[in-house]
Amino acid sequence: MSKGSLDKHLFGGDNITPLSWNLRHKIISGVASALYYLHNHYNKRVVHRDVKASNIMLDAEFNAKLGDFGLARALDNEKTSYTEAGGVPGTMGYMAPEYLFTGKATEQSDVYAFGAVLFEVVCGHRPGTQIGMYPLLVDWVWALHREGQLLEAVDSRLGEEYVADEAQSFLLLGLACSHPIASERPKTQEIVQMLSGSMPVPHVPSFKPPYAFSPVPMLEEDIIPATTTGTTFFTAADGESESYAKTSLSQNGVTRMGSCWWFMTYMPNGSLDKHLFGNANNMKLSWNLRRKIICGVASTLHYLHNEYLKRVVHCDVKAFLLEVVSGHTRGTQTGMYPLLVDWVWALYREGQLLEAVDNRLGQDIVVEEVQRFLLLGLACSHPTASERPKTQEIV
């Protein structure tokens, strides 16, 4: 392969002539065709497991050949994945989240790696490149998509010498291939058609969806009663508690999704906890931001309880509404009251509910909203489960 590896042409330094847009288009299409052949037309379906720029070789005419099959595995006809017994081989930045955590290589994990290569070719950056506040190339591209500036991701060495519509489609396809949920990624047959322009690129959400992973599949007999699992300040007295605390997950078709969900997405502003209770250098959350956060979490719970494939209880929602409004942690002792909720209830009883508002906000609040949110926090904290509002009502 007289032109060597794709990696050399993309990242070989100033002495290497940048690849033209037409050559990049040709190389991307060639790699997609190679993967399509492996997944569909070889005598056994093959997952490559290490698709990356350094494993793509170029002949004298810059035709791309997918090489280095040292990690590749053939799948029996009835199988959809290959699991490595001794760890997870591959290259970070190209490894799909589900492959990283389960060790199961599938055609869709190859598609994820293809998405990383597609970004390398179009953007001229490696997958692990940190750009600004974004530690990974895919997160930067997703942010540009959200801001309507996707073409800012195109390799600056190309100048204006590229086809804007094609670059836009290729970047959207890269995001579709990088979807954290494997089933949402396009198949290689569809990728080939999208690259040729005979099929439209799928819709790509503005925000990168989270990857939810259940590390321990739970059986019915594994369900632990809420009275033995509650975190301090969060176990409801009667063992039912999503609006208030931790809960058991047993009746009415509710399925436990493991002991936790892992979310694989970059959140540049960090945790809410940091902004509420971090040091003085942290940004003070305005009332508008606090309202936005509260509404967002309420909408998320409503989705889990009512619109997901199965009803899901989170198991570790902190009593955060009162925290966000008051700026105190749930276990804060105020005067004679050992818990935040008891103090707020006492202020309500005395007709002084607004005294609970975070004093860092000063007068920059909407009084009616704050009053309503504090009352809602108390309603969600009702000791009797049946008296708490449903998430649909909360929204």
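Refer to the preceding data block for the structure.
These figures come from a predicted structure and were not determined experimentally. (Residues numbered from 1 in each chain as written. Predicted model: local features only at pLDDT ≥ 70, side-chain atom pairs only at ≥ 80, totals over all residues. Heavy atoms only, no water.)

Draft legend 1. Structural detail: unusual backbone geometry. For Phe 62, which is not glycine, the phi dihedral falls at a positive 65°. Topologically, Phe 62 is positioned in the loop between β3 (56-58) and β4 (64-66). Relative accessible area serves as the criterion here: at 14%, Phe 62 is assigned to the buried category. (Helix = DSSP H or I, 4+ residues; strand = E, 2+ residues; numbered from the N terminus. Buried < 20%, exposed > 50% of the residue type's maximum accessible area, 1.4 Å probe, protein only.)

Draft legend 2. Up close: helix α10 (residues 287-306). In this model α10 runs 28 Å from its N-terminal to its C-terminal C-alpha over 20 residues, within 8% of the 28 Å that 1.5 Å per residue would give. Three or more residues of α10 are buried, namely Trp 287, Arg 290, Ile 294, Ala 298, Leu 301, His 302, Leu 304 and His 305. Down the axis, α10 shows its buried residues gathered within 165° of arc, on one side only. Where the residues of α10 are buried, they touch α9 (272-277), α11 (320-326), α13 (367-380) and α14 (391-394). (Expected span 1.5 Å × (residues − 1). Arc of directions from axis to C-beta. Contact = heavy atoms within 4.5 Å.)

Draft legend 3. Quick peek at the sheet that holds β3. One open sheet accounts for three strands, arranged β1-β3-β4; its pairing is antiparallel. Edge positions in the sheet fall to β1 (4-5) and β4, since each has one partner strand and no second. Those strands touched by helix α2 (residues 21-40) are β3 and β4, and its axis lies near 35° from that of β4. (Pairing = 2+ DSSP bridges. Axes fitted to C-alpha atoms, helices over the stretch in contact; angles between N-to-C directions.)

Draft legend 4. The arrangement of the environment of Gly 124 in detail. Tracing the chain through its elements places Gly 124 in the loop between α4 (107-123) and α5 (137-146). Sequence separation between Gly 124 and Asp 7 is 117 residues, and the spatial gap between their C-alpha atoms is 9.9 Å. Excluding residues within four positions of it along the chain, Gly 124 makes contact with Phe 11, Phe 119, Asp 155 and Arg 157.

Draft legend 5. Representation of α13 in the model. If you check α13, its first and last C-alpha atoms are 20 Å apart, about what 14 residues at 1.5 Å a residue would give, namely 20 Å. Buried within α13 we find Glu 369, Val 370, Phe 373, Leu 374, Gly 377, Leu 378 and Cys 380. Along its buried surface, α13 packs onto α10, α11, α12 (340-349) and α14.

Draft legend 6. Focus on the pattern of salt bridges. By the definition in use, this model includes eight salt bridges. Asp 358 is paired through a salt bridge with Arg 290; the nearest N and O atoms lie 3.1 Å apart. A residue pair is termed long-range when its members are at least 10 positions apart, and Asp 358 in the loop between α12 and α13 and Arg 290 in helix α10 qualify at 68 residues. Each member of the pair Asp 358 and Arg 290 is classed as buried. It is possible to trace a salt-bridge network through shared partners that takes in Arg 24, Asp 155 and Arg 157. (Salt bridge = Lys/Arg side-chain N within 4 Å of Asp/Glu carboxyl O.)

Draft legend 7. Fine view of the packing of α5 against helix α6 (residues 164-177). In the contact formed by α5 and α6, the axes pass within 11 Å of each other and the chain directions differ by 120°. When the axes of α5 and α6 are compared, the pair comes out oblique. In the crossing of α5 with α6, the sense of the turn from one axis to the other is left-handed. Between α5, through Val 138, Val 141, Trp 142 and His 145, and α6, the contact on the second element is made entirely by Leu 171, Leu 172 and Leu 175. Per-class residue counts for the contact of α5 with α6 are six nonpolar, one polar and no charged. (Parallel < 35°, antiparallel > 145°, perpendicular 65-115°, else oblique. Left-handed = near helix turned anticlockwise from the far one by under 90°. Nonpolar A, V, L, I, M, F, W, Y, C, P; charged D, E, K, R; others polar.)

Draft legend 8. Up close: the environment of Leu 374. Its place among the elements puts Leu 374 in helix α13. Taking relative accessible area as the criterion, Leu 374 reaches 0% and is therefore assigned buried. Separated by 21 residues in the primary sequence, Leu 374 and Leu 353 place their C-alpha atoms 7.6 Å from one another. Residue contacts for Leu 374: discarding those within four places in its chain leaves Leu 322, Val 325, Val 344, Leu 353, Ala 356 and Val 357.

Draft legend 9. View of the packing of α2 against α4. Between α2 and α4, whose axes approach to 11 Å, the crossing angle comes to 175°. Taken as axis vectors, α2 and α4 run roughly antiparallel relative to one another. Facing α2, whose interface residues are Trp 21, Arg 24, Ile 28, Val 31, Ala 32, Leu 35 and His 39, α4 presents Glu 107, Asp 110, Phe 114, Leu 118, Val 121 and Val 122. A class-by-class count of the residues in the contact of α2 with α4 yields nine nonpolar, one polar and three charged.

Draft legend 10. Quick look at the packing of aromatic side chains. Counted under the stated rule, the structure contains three aromatic pairs. The interplanar angle of 35° and the centroid separation of 5.6 Å between the aromatic rings of Trp 21 and Phe 170 together place this pair among those described as tilted. Of this pair, Trp 21 sits in helix α2 while Phe 170 sits in helix α6, and the two are 149 residues apart along the sequence. The two residues Trp 21 and Phe 170 agree in class, both being buried. The rings of Trp 21, Tyr 162 and Phe 170 are connected pair by pair, giving a single aromatic cluster. (Phe/Tyr/Trp six-rings, centres within 6.5 Å; stacked < 30°, edge-to-face > 60°.)

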